[in-house]
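Residue strings, one per chain:
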Amino acid sequence: MADANILVNLQRCTGCWTCTMACMVGNKLEDGDFRVTVRTLGSGEGIDRPAGQWPDLRMSWMPVYSKKCTKCAPRVSEGFEPYCTYNCPNGALTFGGDCAEKAAKLREQGFRIFELPAWEGSKDGVTYASKG
């Protein structure tokens, strides 16, 4: 079985929520039982509210994995990727043993590599890459 790490390239995430929906549908979860959610990084005044003032507006997104996430262990044990990484249309999510190598390459390109702090209560083994 591949190393159960997920690398999230925040420069590629467009906030489409495909990871969330793929997880929920693929794992046959009840509506609203989110194991990964997508946080809007903007003004903080609500979902999809950009930061800044016109014309200098900016907004980005961050998939956040809850402790309930299993990283699709049964699926991975059969040789498949987790639903979230397999279905990401933008290549923002990487799973498995090459996460460390990809993170190192991104660091060389000026990306900041980090994990969420413990107080976030998020899943271990999820690393983020952000440019800036």
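The structure this text deals with has already been given above.
Now for a look at the structure at hand. (Residues numbered from 1 in each chain as written. Predicted model: local features only at pLDDT ≥ 70, side-chain atom pairs only at ≥ 80, totals over all residues. Heavy atoms only, no water.)

### Quick word on the sheet that holds strand β1 (residues 6–9)
Strand order in the open sheet made by the four strands is β6-β1-β8-β7, with mixed pairing throughout. With partners counted over all chains shown, the strands left at the sheet margins are β6 (93–95) and β7 (112–114), one partner each. The average angle at which neighbouring strand axes cross in this sheet is 20°, direction not considered. With four bridges connecting them, β1 and strand β8 (residues 126–130) associate as parallel partners. Bridge assignment links Val 8 to a residue of β8, and that residue is Tyr 128. Along the sheet face, helix α4 (residues 99–108) touches β1, β6, β7 and β8 and points at about 30° away from the line of β1. (Pairing = 2+ DSSP bridges. Helix = DSSP H or I, 4+ residues; strand = E, 2+ residues; numbered from the N terminus. Axes fitted to C-alpha atoms, helices over the stretch in contact; angles between N-to-C directions. Contact = heavy atoms within 4.5 Å.)

### Some thoughts on the pairing of strand β2 (residues 36–41)
Across the two faces of β2 the burial differs, with Val 36, Val 38 and Thr 40 buried and Thr 37, Arg 39 and Leu 41 not buried at all. Relative to strand β5 (residues 60–65), β2 is paired through six bridges, and the arrangement is antiparallel. Its bridge partner lying in β5, Thr 40 is registered against Trp 61. (Buried < 20%, exposed > 50% of the residue type's maximum accessible area, 1.4 Å probe, protein only.)

### Examining unusual backbone geometry
The amide bond that connects Trp 54 to the next residue, Pro 55, takes the cis arrangement and shows omega of 5°. Relative to the helices and strands, Pro 55 resides in the loop between β3 (51–53) and β4 (56–58). Non-glycine residue Trp 17 carries a positive phi angle of around 70°. The residue Trp 17 is located in the loop between β1 and α1 (18–26) in this model. A positive phi angle is found at Cys 72, which is not glycine, with a value near 50°. Looking at the secondary structure, you find Cys 72 in the loop between β5 and α2 (73–77).

### Focus on the side chain of Thr 40
Examined against the element boundaries, Thr 40 turns out to sit in strand β2. Apart from residues lying up to four places away in sequence, Thr 40 is in contact with Ile 47, Asp 48, Arg 49, Met 59, Ser 60 and Trp 61.

### Quick word on the packing of aromatic side chains
A complete count under the given rule lists two aromatic pairs for this structure. Relative to Phe 34, the ring of Trp 17 lies with its centre 6.1 Å away and its plane at 70°, an arrangement referred to as edge-to-face. You can see Trp 17 sitting in the loop between β1 and α1 and its partner Phe 34 sitting in the loop between α1 and β2, a full 17 residues away along the chain. Overall, Trp 17 belongs to the partly exposed group, its relative accessible area being 26%. According to the relative accessible area criterion, Phe 34 is partly exposed, its value standing at 33%. With 5.5 Å between their ring centres and 20° between their planes, Phe 114 and Tyr 128 make a pair best called stacked. Of the two residues, Phe 114 sits in strand β7 while Tyr 128 sits in strand β8, which places them 14 residues apart along the sequence. (Phe/Tyr/Trp six-rings, centres within 6.5 Å; stacked < 30°, edge-to-face > 60°.)

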